Amino acid sequence: MADQTVAAESVQWWRDAVIYQVYPRSFADGDGDGIGDLTGIRDRLPYLAELGVDALWFTPWYASPQADAGYDVADYRRIDPAFGSLEQAEALITDAHALGLRIIVDVVPNHVSDRHAWFQEAKAAGPGAEARDLFWFRPGRGTDGELPPNDWQSVFGGPAWSRTANPDGTPGEWYLHLFAPEQPDLNWNNSKVREEHESVLRFWFDRGADGVRIDSATMPAKDPALPDFDPDTPPVPHPYIDRDDVHDIYRAWRTLADGYEEPRALIGEVWLADPERFAHYLRADEMHSAFNFDYLNCPWDAAALRRVIDATLAAHASVGAPATWVLSNHDVTRHVTRYGRADTSFGLSLRQHKTPTDLELGARRARAALLLNLALPGGCYLYQGEELGLWEVEDIPGELRQDPIFHRTGGTDIGRDGCRVPLPWSGDQPPFGFSPEGAAAPPWLPQPEQWAAHTVQAQDGRPGSMLTFYRAALRLRRGERGLRGADFRWLPGHTPGVLGFARGDGFFCLANLSGATVPLPADADVVLSSAPGFDPADPGAAGSGAGELPTDTTVWLRQR
Ligand code: NOJ
Ligand code: MG
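Below, the structure is looked at part by part. This is a predicted model, so every value here is computed, not measured. (Residues numbered from 1 in each chain as written. Chains lettered and ligands numbered in written order. Predicted model: local features only at pLDDT ≥ 70, side-chain atom pairs only at ≥ 80, totals over all residues. Heavy atoms only, no water.)

### A look at the overall build of the protein
Rules: Numbering goes from the N terminus for both helices and strands, where a helix is a DSSP run of H or I of at least four residues and a strand is a run of E of at least two. Between the two quantities, the radius of gyration covers C-alpha atoms and the globule rule is 2.2 Å times the number of residues to the power 0.38. Type-normalised accessible area, obtained with a 1.4 Å probe on protein chains alone, sets the label of each residue: buried when under 20%, exposed when over 50%, and partly exposed for intermediate values. Contacts between residues were defined by any pair of non-hydrogen atoms, one from each residue, lying within 4.5 Å. Accessible surface is estimated by sampling points in the Shrake-Rupley manner with a 1.4 Å probe; for residues, cover comes only from the protein chains shown. Neither His nor the chain termini are counted; the positive set is Lys and Arg, and the negative set is Asp and Glu. One atom stands in for each charge, and that atom is NZ of Lys, CZ of Arg, CG of Asp or CD of Glu.
Per the secondary structure count, the protein includes 16 helices and 20 strands. Taken over the C-alpha trace, the protein has a radius of gyration of 24 Å; the compact-globule value for 560 residues is 24 Å, and the two agree within 12%. Among the 560 residues that make up the protein, the fraction classed as buried is 57%. Relative to all contacts within the protein whose residues are 6 or more apart in sequence, the contacts with residues 24 or more apart total 68%. Counting only carbon and sulfur atoms, one obtains 52% of the accessible surface of the protein, whose full area is about 21400 Å². When the 50 basic and 80 acidic side-chain charges of the protein are each reduced to a single mean position, those positions are 2 Å apart.

Have a look at this one:
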């Protein structure tokens with residue numbers, strides 16, 4: 001009986017895993033071309049194992065023209081030459097598994113690259129050809145088809161349609177791209193699109209991938225009538241967001257994932273405001289978990305966080321799925337920066353840029369947020385570099401920026417390059433060990449000089465550093481049985497500005513966002529505090545030792 005419980009727990013590893021997002025282009029460059037690669041990652045797997053995470057999620061590493069940093073996939077069965085080879089990816093998976101790290105790869109069902117063989121064929125084949133039915137080709141409107149087929153706008157700015165030329169060179173049909181023109185949308189009503197994606201999943205699952213992260217998961221199903229609509233008052237159902245038939249895709253994927261002896265996990269990128277609609281993706285025969293963007297978007301405010309936590313737990317409980325907690329990724333402003341601003345909320349449409357930012361305050365809150373995230377029930381996502389306390393790099397010159405959002409909005413939206421700057425590993429000047437000595441090229445985005453104090457080398461073993469703190473928190477979380485499972489209770493006697501909850505037997509988490517110091521309970525010991533200067537080896541020595549909890553601080557407590 002006991003054995004069976006252990007086996008069931010390990011098979012459901014995704015329920016409470018800490019998953020570290022690796023952005024391959026910016027993690028570590030093994031060959032000195034200024035671009036991160038698989039050799040660089042393989043060399044640093046021991047670092048990730050020592051950090052104490054359970055799994056790694058890799059943003060797309062497949063062959064791609066990199067029009068959207070790999071989210072424009074030209075061939076899922078090859079690795080982009082800038083990153084390495086398929087053999088290297090296989091070796092990386094083997095090495096990671098040997099270190100106890102699981103692997104999640106990215107799939108992008110909504111679109112492929114315009115250089116994908118299917119799109120090339122479709123374009124060459126001309127109007128009416130079967131090959132075009134894999135995408136959304138349509139004649140234009142206007143007298144000569146010179147206007148797009150409808151009024152949809154691309155998420156990256158500008159119209160969601162681009163016109164093609166006919167094989168004879170005359171202007172031809174238009175095709176739909178909800179993102180960049182280099183990312184044509186696939187037609188999921190075509191069974192070949194379904195079969196191919198299932199084959200891609202098998203390709204990676206057979207190579208040992210433990211799960212997939214599903215890109216833009218609410219968008220692949222479209223209203224085939226492609227109606228015009230006003231984005232401020234979209235119709236229900238929406239022409240392309242969260243349509244009911246999108247769920248058929250994930251039901252089929254779940255059957256496939258469950259067919260493996262150790263079932264593979266499906267993790268959705270589901271940006272949806274409605275918690276009930278969100279939970280639909282997590283029904284027992286669909287995905288295993290999804291990113292909690294409500295939490296990511298939430299301001300650093302106790303009442304707002306409490307509301308989001310309650311809503312999250314209720315929505316997930318309704319379908320028996322574990323919640324997730326996430327604050328940063330490769331699409332959003334790093335949270336050290338967000339939390340150092342007067343307005344700590346975040347929305348993709350209101351990316352703030354160069355507003356006054358107190359990075360010290362942001363870092364203090366980021367530490368407090370980590371202990372909160374890791375103590376909440378469910379899984380937790382970390383984005384590479386947050387364990388070093390990295391902030392958003394805001395002074396990247398326009399000519400070096402690569403994000404299509406920056407270019408397609410004419411710079412009105414500064415884009416996502418600032419959270420994608422290559423990691424600092426060692427040394428006191430760029431490339432900070434990101435590339436080997438004597439590298440042929442500088443890092444693909446410039447690193448700030450101030451990162452000299454934030455390298456892994458500078459923080460390794462240093463008491464009080466962000467890295468030491470992350471390692472201590474992750475180690476404690478792993479050993480704390482009370483942090484497993486769904487058990488969660490808000491503490492009675494609610495103090496405004498303070499979040500307090502209990503997990504398991506005698507384990508408590510208290511987060512103080514009140515702006516003032518609050519007393520700590522007298523009958524509990526501090527196990528770990530986020531206060532800078534707190535020493536986990538000697539919990540009584542500093543920080544919260546005096547029976548007081550400073551503001552913007554979280555503590556883990558055990559009942560005496
Ligand atoms: C979401 C990904 O996280 C983002 O980086 C990408 O640009 C879009 N989906 C389009 O694939
Ligand atoms: Mg390289």
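### Considering the site of ligand 1
Note the following rule: Near, as used in this document, describes a residue that has one of its heavy atoms within 4 Å of the molecule or strand being considered. Whenever two N or O atoms come within 3.5 Å, that pair is a polar contact, provided that in protein one can donate a hydrogen and the other can accept it, and provided that, for residues adjacent in sequence, both atoms are side-chain atoms. Classification convention: Asp, Glu, Lys, Arg as charged; Ala, Val, Leu, Ile, Met, Phe, Trp, Tyr, Cys, Pro as nonpolar; all other residues, Gly among them, as polar.
The environment of ligand 1 is formed by 13 residues, the closest being Asp-68, Asp-215, His-330, Asp-331 and Arg-416. Within the side chain of Asp-68, one N or O atom sits 2.6 Å away from an oxygen atom of ligand 1. Here an oxygen atom of ligand 1 and a side-chain polar atom of His-111 are 3.0 Å apart. When ligand 1 sits alone it has 300 Å² of accessible area, and the protein chains cover 97% of it. Across the shell around ligand 1, the residue classes break down as three nonpolar, three polar and seven charged.

### Examining the environment of Ala-440
Relative to the helices and strands, Ala-440 resides in the loop between helix H14 (404-408) and helix H15 (456-459). Given a relative accessible area of 78%, Ala-440 falls into the exposed group. As a C-alpha pair, Ala-440 and Tyr-339 span 101 residues in sequence and 37 Å in three-dimensional space.

### Here we look at the nonpolar core
Heads up, the condition is: As used here, the term nonpolar core means buried Ala, Val, Leu, Ile, Met, Phe, Trp, Tyr and Cys residues forming a set that is joined through side-chain atoms within 4.5 Å.
Of all hydrophobic cores here, the largest spans 160 residues; its most connected members are Tyr-20, Leu-56, Trp-61, Trp-204 and Trp-556. The biggest single contributor to this core is helix H13 (residues 359-375), with eight residues. Ranked by size, the runner-up nonpolar core spans 15 residues in total, among them Ala-160, Trp-161, Tyr-240 and Ile-405.

### Observations concerning unusual backbone geometry
Residue Pro-237 is bonded to the preceding Val-236 through a cis peptide linkage, with omega at -5°. Mapping Pro-237 onto the fold places it in the loop between strand S9 (211-214) and helix H8 (246-258). The residue after Pro-430, namely Pro-431, is reached through a cis peptide bond having omega 10°. On the secondary structure map, Pro-431 appears in the loop between H14 and H15. A positive phi is found at Ala-69, a non-glycine position, where the angle reads about 45°. Relative to the helices and strands, Ala-69 resides in the loop between strand S3 (62-63) and strand S4 (75-79). Owing to a relative accessible area of 18%, Ala-69 belongs among the buried residues under this scheme. A positive phi is found at Leu-226, a non-glycine position, where the angle reads about 45°. Here Leu-226 lies in the loop between S9 and H8.

### Quick word on the sheet that holds strand S18 (residues 524-529)
Counted only if it meets this: Strand pairing requires that DSSP identify at least two bridges connecting the strands. The angle between two axes is taken between their N-to-C directions and runs from 0 to 180 degrees, where each axis is a line fitted to C-alpha atoms and a helix contributes only its stretch in contact.
Taken in spatial order, the five strands line up as S14-S15-S16-S20-S18 in an open sheet, and their pairing is antiparallel. The sheet is open, and its two edges are formed by strand S14 (489-490) and S18, each paired on a single side. Strand direction decides the pairing type here: S14 and strand S15 (residues 498-503), joined by two bridges, are antiparallel. What sits directly across from Trp-490, in S15, is Phe-501. Helix-sheet contacts for H13 involve S15, strand S16 (507-512), S18 and strand S20 (553-559), and the interaxial angle to S20 is about 40°. The sheet strands contacting helix H16 (residues 466-479) are S18 and S20, and the helix crosses S18 at an angle near 130°.

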